[in-house]
Amino acid sequence: MTMVILHRYQVLILIITCFLGTCLIILQTVLSNDSRDRRIVSNRKRPEINNIPGIEGRSFHRDLKSERLQYVQKILKQISDHHQQLLNESENDAPPVYSINKWSEFKAQHNQTKNFLSGFNYRNLLQTFNPLLGIPVIKDTSKVKYLLISTYFRTGSSFTGDLLQQNWKTFYSYEPLHYTQIQKHLDDKYDDEAIDLLDHIYRCDFAPLSNYIRWVKKVGNRYLFKWNRFLWSLCNIRRPTCFDPKNIAQTCVRAPYRIIKTTRLSLRTVEKLMDKLNGTIDLKVIYLVRDPRAILNSRQKLSWCTNSSCSDIDTICSEMKSDISVYKRLHDKYGDRVMAVRHEDLSLQPLKVSTKLFNMLEVPLSKRAQRFLRQNTEAKMKPNSTVDPYSVKRISKEVVFKWTKGLNLTVIKNVQESCGTVFDDLGYKLISSSKDMEMMDAEKHLMKNLLPSAVY
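Here's what I pulled together on the structure shown here. (Residues numbered from 1 in each chain as written. Predicted model: local features only at pLDDT ≥ 70, side-chain atom pairs only at ≥ 80, totals over all residues. Heavy atoms only, no water.)

1. Describing the side chain of S173
Part 1 of the argument: Considering the arrangement of structural elements, one finds S173 in strand β4 (residues 170-174).
Part 2 of the argument: For S173, a relative accessible area of 5% corresponds to the buried category.
Part 3 of the argument: Once residues within four sequence positions are removed from consideration, S173 is found in contact with I201, I259, I260 and K261. (Helix = DSSP H or I, 4+ residues; strand = E, 2+ residues; numbered from the N terminus. Buried < 20%, exposed > 50% of the residue type's maximum accessible area, 1.4 Å probe, protein only. Contact = heavy atoms within 4.5 Å.)

Laid out in structure tokens, this is it:
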């Protein structure tokens, strides 16, 4: 009978090589998991997902992939150390050869290695991977920046909110009051409920917000959380955790920037919120405004807005008049913690105005934010392509005066008559003839924004 002689080291090295090769394949699969999930999601043709900018952003996922890489490298080191231990133990045994009669001894060591590796299959790896472990909790909340964007529908608020969340580790709550299904500023009777919700979000206390999370969890509403790129990039590897109050809270407490953007809150309610948080949370408010003629023109293009108070010019003007009055009072009370930004200034001079805004907020204007500005204010559109009304990608300078093409002179005069003092306070010039519309440009249209702490 022929004896089969196997060198112990050769066999073990062969096994190590096979298993490490398998682990590298697992690593590659894990790192590409997000992009594959996004391709699957995009094929489902859910428009609200495609409208969300930055989900494909490489820089956010580069940060996350780095954390995953460190995690898998740690696993590979454990595997390597275990095999080295087996090799060291084998050196103390009898001659380093196996005959077929000693095959059972080799098989026992092989099974030991196999059992050790069995826990590191792909499914187990995803279930045990927790990217939050590599991100420290911010215990000193005085170092956290709390920001609120208060505005109206169709003022460029999605662009502004996305710009402000470009710094990694920004917890960005997009339209948390969406669950009210009210397409205008909330009435006073909802003030306490709205203030309580925003207070809990700023404090990263999501346990009492089951109704809010249940609303967002609905398939048609998940885009509300997908705008929060810090949260979504960390939880997307295990999708159920995206709607787990504990996981949401654990992500939030690691964010040095906590931002809420809402179009459903009047500045009167914002004042109550600031009064409640004052002394515990140093909230800064960005009052984002736009020419009411441009707001009306933009809203008239949305089917859900045309048959409601959303497109009623008297409602628009009434809300803006009230907010401007409250803004002046807020500035007297809280100073530079409240600031006003015109959509037109941000569109015509994106970098200049953004730099001033970030400085006033004491938030760094990162390279990622500067790149975001270039990509989304100088976007090259395909000829004859349909513009997505919810996209933040535009040639921003061309958007500013589009309302002069969409509204006739009669409608424009009605807006100007209804809004009255709004134009004086915000620095928008009036139009009296068709010739004025044809010659419209920044110099003829914009005057100085007269609100205190205006960013321009």
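2. A closer look at the packing of aromatic side chains
Part 1 of the argument: According to the stated counting rule, one finds twelve aromatic pairs in the structure shown.
Part 2 of the argument: A cation sits over an aromatic face here: K356 above Y456, 5.8 Å from the ring centre. (Phe/Tyr/Trp six-rings, centres within 6.5 Å; stacked < 30°, edge-to-face > 60°. Lys NZ or Arg CZ within 6 Å of the ring centre and 35° of its normal.)

3. Thoughts on unusual backbone geometry
Part 1 of the argument: Residues other than glycine seldom take positive phi values, yet R154 does so here, at roughly 65°.
Part 2 of the argument: Tracing the backbone shows R154 in the loop between β3 (145-150) and α7 (157-164).
Part 3 of the argument: Residue E362 is not a glycine yet carries a positive backbone phi of 60°.
Part 4 of the argument: Note that E362 resides in the loop between α18 (350-361) and α19 (367-377).

4. Describing the state of the cysteines
Part 1 of the argument: Within the structure shown, the criterion is met by four disulfides.
Part 2 of the argument: One disulfide in the model links C305 with C310; its S-S distance is 1.8 Å. Judged by the torsion about the S-S bond (-90°), the C305/C310 disulfide is left-handed. We note that C305, like C310, is buried. (Disulfide = S-S within 2.5 Å.)

5. What about helix α13 (residues 267-277)?
Part 1 of the argument: Of all the positions in α13, only L267, T269, V270, E271, L273, M274 and L277 are classed as buried.
Part 2 of the argument: Elements in contact with the buried residues of α13: β3, α8 (191-202), β6 (283-289), α16 (313-334) and β7 (338-342).
Part 3 of the argument: Immediately downstream of α13, the backbone of G279 shows phi near 100°, a positive value.

6. Side note on the pattern of salt bridges
Part 1 of the argument: One pass over the full model with this rule turns up 17 salt bridges.
Part 2 of the argument: Between R264 and E175 there is a salt bridge whose closest N-O contact spans 3.0 Å. Residue R264 is located in the loop between β5 (257-262) and α13, and its partner E175 is located in the loop between β4 and α8; the two are separated by 89 residues in the primary sequence. Note on accessibility: R264 and E175 belong to one class, buried.
Part 3 of the argument: Of the charged contacts in the structure, one is a salt bridge between E271 and K333, with a shortest N-O distance of 3.0 Å. Separated by 62 residues along the polypeptide, E271 in helix α13 and K333 in helix α16 bring together distant segments of the chain.
Part 4 of the argument: Through salt bridges with shared partners, a single ionic network connects E271, D275, R329 and K333. (Salt bridge = Lys/Arg side-chain N within 4 Å of Asp/Glu carboxyl O.)

7. Thoughts on the pairing of β6
Walk down a regular strand and you will see the side chains alternate between the two sheet faces.
Part 1 of the argument: By the criterion of burial, β6 is predominantly enclosed, with seven of the seven residues buried.
Part 2 of the argument: By the alternation rule, side chains of β6 split into L283, V285, Y287 and V289 and K284, I286 and L288, which are all buried.
Part 3 of the argument: Of the pairings in the sheet, the one linking β6 to β7 comprises five bridges and is parallel in character. Across the sheet, the residue bridging to Y287 is A340, located in β7. (Pairing = 2+ DSSP bridges.)

8. Some words on the packing of α8 against α13
Part 1 of the argument: At a minimum axis separation of 10 Å, α8 and α13 run at an interaxial angle of 50°. Compared by their axis directions, α8 and α13 come out oblique. Crossing of α8 against α13: the hand is right-handed. Side by side, α8 and α13 meet where D191, I195, D196, L198, D199 and Y202 of the first sit next to T269, K272, L273, K276 and L277 of the second.
Part 2 of the argument: Looking at the contact of α8 with α13 residue by residue, the class counts come to five nonpolar, one polar and five charged. (Axes fitted to C-alpha atoms, helices over the stretch in contact; angles between N-to-C directions. Parallel < 35°, antiparallel > 145°, perpendicular 65-115°, else oblique. Left-handed = near helix turned anticlockwise from the far one by under 90°. Nonpolar A, V, L, I, M, F, W, Y, C, P; charged D, E, K, R; others polar.)

9. So, the sheet that holds β3
Part 1 of the argument: Pairing is parallel across the open sheet formed by six strands, whose spatial order is β4-β5-β3-β6-β7-β8. What marks the edges here is a single partner per strand, and that holds for β4 and β8 (454-455).
Part 2 of the argument: Packing of α7 onto the sheet brings it into contact with β3, β4, β5 and β6, and relative to β4 it is tilted by some 165°.

10. What about the side chain of R264?
Part 1 of the argument: Taking relative accessible area as the criterion, R264 reaches 4% and is therefore assigned buried.
Part 2 of the argument: In contact with R264, not counting residues within four places along its chain, are F153, E175, L177, H178, T180, I182, Q183, K184, H185 and L186.

11. Some thoughts on the environment of Q416
Part 1 of the argument: Among the secondary structure elements, Q416 is positioned in helix α22 (residues 409-419).
Part 2 of the argument: When the C-alpha positions of Q416 and I431 are compared, they lie 8.3 Å apart, and in sequence the two are 15 residues distant.
Part 3 of the argument: When residues no more than four places from it in sequence are discounted, the contact partners of Q416 are R293, F423, L430 and I431.

12. As for helix α12 (residues 245-252)
In an α-helix, one full turn covers 3.6 residues, which means residues spaced three or four apart are oriented alike.
Part 1 of the argument: Turning to α12, its buried residues are N247, I248, A249, T251 and C252.
Part 2 of the argument: Against β4, α8, α9 (210-217), α10 (223-226), α11 (229-235) and β5 lie the buried residues of α12.

13. Structural notes on the nonpolar core
A general feature of soluble globular proteins is that nonpolar side chains tend to end up buried together.
Part 1 of the argument: Judged by nonpolar contacts, the single largest core of 97 residues is most densely connected at F206, L283 and Y287.
Part 2 of the argument: Here the element with the most residues in this core is α16; it accounts for nine residues.
Part 3 of the argument: Apart from residues no more than four positions distant in its own chain, Y287 is found in contact with S150, Y152, L267, M320, D323, I324, Y327, M339, A340, V341 and L451.
Part 4 of the argument: Listed in part, the nine residues of the second largest apolar core include V400, F401, I412 and I431. (Core = buried A, V, L, I, M, F, W, Y, C linked by side-chain atoms within 4.5 Å.)

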